[in-house]
Amino acid sequence: MDVVPLWYWLVVFFVFGACVGSFYNVIVYRMPRGISLINPPSHCPLCKKRIPIYLNLPIIGWIILRGKTACCHKPLNIIYPIGEALCGLLGALALFAAVAVNYGGVVPELFSVPVMVPAVWADALAMFWLLLAVYPVCAVDFKYKLIPDSMSVGGIVAGLLISLIPGGITPLQSLIGAVAAGGGLWLLGFVASKVFKKDAMGFGDVKLLAGYGALMGWQSAFMILVIAAIIGIIVMIPYAKIQEKVAAKAVVDDSADAPGQIPFGPFLAIAAPVIYLWGNNLLQMYLQFVLGE
């Protein structure tokens, strides 16, 4: 039997990623507004008329309609096709990164290697989830200070299911990773809340890290937490300074939504694929720096 070329699977992952991106657009719009993700079906945001399936195709539907609604002929937000295209590219990148990791680097010969290997599929599906989750987590958490359960709880389910594929972590490691990562972060947040006498960690962050623990184990989840904290500090310091200048004449607000405060979930989402791909290399570099070995 002929081996299906990698370029074909890259196209498949792009299409699949674009379809998932279309669903993520629904999550980003509906979930913060308390609207069901299923009912009502896709409809025009202006006149509420139902959108036919053939006009609801990712990217293609927007092009066919020339960026306008079919019923009202009003402009459609270009963020929809951009989000779908971005998720499509991330989907293809997930597969390519999995193949590169399993076959020793990014070289032209990668396009001729067999993809139908369990370890490659386990890595590809895990990376697919990690990369595409960045979009909805960042979009919703930055604006509404919450993380969709479809991303956090969904990550736990995805991790447990992917662990059934030979070549990755075992189901037991996945389960321990979810419990240890989520429970550890909850405990850290609980202690911090008592010390600072205010909520220090949202439960959405706890569930999100639990999903990452299910996908790659508790050790990697701990590394994600560390890297996310470092990225957060790097971003937070200049952001806080800017916000202080903007709000210099405003009344000081010590609440969770006070100026200068930003959610932690996006940093976890950004750190997760980095650790999945290069976690071991970063750990070795750190140990060499500290221990000099």
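Predicted, not measured: the structure shown is a model, and the values here were computed from it.

Engineer: Summarise the overall build of the chain; cite the residues concerned and give the values.
Structural biologist: Tallying secondary structure elements over the chain gives nine helices and zero strands in all. Secondary structure of the chain in N-to-C order comes out as α-α-α-α-α-α-α-α-α. Intrachain contacts of the chain at a sequence separation of at least 6 include 69% that bridge at least 24 residues.

Engineer: I'd like a rundown of helix α8 (residues 218–246), residues and numbers included.
Structural biologist: Between its terminal C-alpha atoms α8 stretches 40 Å, which fits the 42 Å expected from 29 residues at 1.5 Å a residue. Helix geometry: α8 is bent most strongly at M236, by close to 30°, with proline P238 lying one to four residues after it. Listed as buried for α8 are S220, A221, M223, I224, L225, A228, G232 and A240. Where α8 is buried, its residues contact α6 (171–196), α7 (203–216) and α9 (265–291).

Engineer: I'd like to hear about the pattern of salt bridges, residue by residue, with values.
Structural biologist: Per the stated rule, a full pass over the model turns up one salt bridge. With a shortest N-O distance of 2.5 Å, D149 and K207 are connected by a salt bridge. Separated by 58 residues along the polypeptide, D149 in helix α5 (residues 149–162) and K207 in helix α7 bring together distant segments of the chain. The partly exposed category is assigned to D149, whose relative accessible area is 44%.

Engineer: Could you give an account of the packing of helix α4 (residues 118–144) against α5, with specific residues and numbers?
Structural biologist: Their axes nearest at 11 Å, the elements α4 and α5 cross at an angle of 180°. Here α4 lies roughly antiparallel to α5, going by the angle between them. Facing A122, L125, A126, W129, A133, P136 and V137 of α4, the residues of α5 in contact are S150, M151, G154, G155, A158 and I162. Of the residues in the contact of α4 with α5, the class split is 10 nonpolar, three polar and no charged.

Engineer: Which residues make up the side chain of D141, and what values do they have?
Structural biologist: Of note, D141 is situated in helix α4. The side chain of D141 is buried and forms no salt bridge, while K145, the nearest opposite charge, is found at 7.1 Å. At a separation of 3.3 Å, a polar atom in the side chain of D141 contacts the main-chain amide nitrogen of G265. With near-sequence residues (within four places) excluded, D141 lies in contact with P136, L146, I147, D205, P263, F264, G265 and P266.

Engineer: Describe the packing of aromatic side chains, with residues and values.
Structural biologist: Working definition: an aromatic ring pair is given by the centre-to-centre distance plus the angle between the planes. Applying the stated criterion to the full structure yields seven aromatic pairs. Ring centres of W186 and F190 lie 5.4 Å apart, and the angle between their planes is 15°; on these two criteria the pair is classed as stacked. Within this pair, W186 and its partner F190 are both found in helix α6, separated by four residues, close to a single helical turn.

Engineer: If you had to explain a nonpolar patch on the surface to someone new, which residues and values would you point to?
Structural biologist: Together, L172, I176, W218, F222, V226, I230, I234, V235 and Y239 make up a nonpolar patch on the protein surface, roughly 860 Å² of accessible area in all. At the level of secondary structure, the elements contributing two or more residues to the nonpolar patch comprise α6 and α8. Here the nonpolar patch takes seven residues from α8, the largest share from any one element. With respect to the secondary-structure elements, I230 resides in helix α8.

Engineer: So what's going on with the nonpolar core? Which residues, and what values?
Structural biologist: Among the nonpolar cores identified, the biggest contains 55 residues, and L209, Y212, I224 and L268 are the most heavily contacted of them. Mapped onto this core, the elements with two or more residues apiece are α1 (6–30), α3 (79–102), α4, α5, α6, α7, α8 and α9. Ranked by the residues each element gives to this core, the list is headed by α4, at 15 residues. Contacts of L209, omitting those with residues within four sequence positions, involve A181, L185, A221, I224, L225 and L268.

Engineer: Explain the packing of α4 against α9 residue by residue, including any values.
Structural biologist: Look at α4 against α9: their axes get within 8 Å of each other, and the N-to-C directions meet at 165°. Between α4 and α9, the crossing angle belongs to the class labelled roughly antiparallel. The handedness of the crossing between α4 and α9 comes out as left-handed. Here α4 contributes A122, D123, A126, M127, L130, L131, V134, V137, C138, D141 and F142 to the contact with α9, which in turn contributes G265, P266, A269, I270, A272, P273, Y276 and L277. Residues that form the contact of α4 with α9 fall into these classes: 16 nonpolar, one polar and two charged.

Engineer: With reference to specific residues and values, describe the confidence of the model for the chain.
Structural biologist: Per-chain confidence: the chain averages 83 in pLDDT, with 88% of residues scoring 70 or above. Mean pLDDT across the elements of the chain ranges from a minimum in helix α2 (residues 60–64), with 85, to a maximum in α7, with 93.

Engineer: So what's going on with the side chain of S152? Residues and values would help.
Structural biologist: Mapped onto the elements, S152 comes out in helix α5. S152 sits in the buried class, given a relative accessible area of 0%. When neighbours within four sequence positions are excluded, S152 is seen to be in contact with I147, G204, K207, L208 and G211.

Basis of the calculations
- Throughout, a residue's number is its position along its own chain's written sequence, starting from 1.
- In keeping with the predicted nature of the model, local features appear solely for residues at pLDDT of at least 70, side-chain atom pairs appear and are counted solely at 80 or more, and the whole-chain, interface and lining totals rest on all residues.
- By convention in this description, side-chain values take in all heavy atoms of the structure and omit both hydrogens and water.
- In this description a helix means any DSSP run of H or I spanning at least four residues, a strand means any run of E spanning at least two, and both kinds are numbered starting from the N terminus.
- By definition in these notes, contact holds between two residues if any of their heavy atoms fall within 4.5 Å.
- The span one expects for a helix is its residue count, reduced by one, times 1.5 Å.
- What the bend at a residue measures is the angle between two axes, fitted to the seven residues ending there and to the seven starting there.
- Type-normalised accessible area, obtained with a 1.4 Å probe on protein chains alone, sets the label of each residue: buried when under 20%, exposed when over 50%, and partly exposed for intermediate values.
- Salt bridge, as used here, is a side-chain nitrogen of Lys or Arg placed within 4 Å of a carboxyl oxygen of Asp or Glu.
- Between the N-to-C directions of two axes lies an angle of 0 to 180 degrees, each axis being a line fitted to C-alpha atoms and, for a helix, fitted only over the stretch in contact.
- Each angle is binned into one of four classes, with values under 35 degrees roughly parallel, values over 145 roughly antiparallel, values of 65 to 115 roughly perpendicular, and all other values oblique.
- Charged residues are taken to be Asp, Glu, Lys and Arg, nonpolar residues to be Ala, Val, Leu, Ile, Met, Phe, Trp, Tyr, Cys and Pro, and polar residues to be all remaining types, Gly included.
- In this tally, Lys and Arg are treated as positive and Asp and Glu as negative; His is ignored, and so are the chain termini.
- Each polar contact in these results corresponds to two N or O atoms within 3.5 Å; when the atoms are within protein, one needs to be able to donate a hydrogen and the other to accept it, and residues that are neighboring in sequence are counted only if both atoms are side-chain atoms.
- Pairing of aromatic rings covers Phe, Tyr and the six-membered ring of Trp, with a centre-to-centre limit of 6.5 Å; geometry is then stacked below 30 degrees between planes, edge-to-face above 60, and tilted otherwise.
- Here a patch means residues that are over 30% exposed by relative accessible area and free of salt bridges, tied together within 9 Å if like-charged and within 5 Å if nonpolar (Val, Leu, Ile, Met, Phe, Trp, Tyr).
- Only the protein chains shown count as cover for residues, and all accessible areas are computed by the Shrake-Rupley method using a 1.4 Å probe.
- Residue types Ala, Val, Leu, Ile, Met, Phe, Trp, Tyr and Cys, when buried and joined through side-chain atoms within 4.5 Å, form a set referred to as a nonpolar core.
- Crossings are sorted by hand: turned counterclockwise from the far helix by less than a right angle, the near helix makes the crossing left-handed, and turned clockwise it makes it right-handed.
- Per residue, pLDDT measures the predictor's confidence, with a range of 0 to 100.

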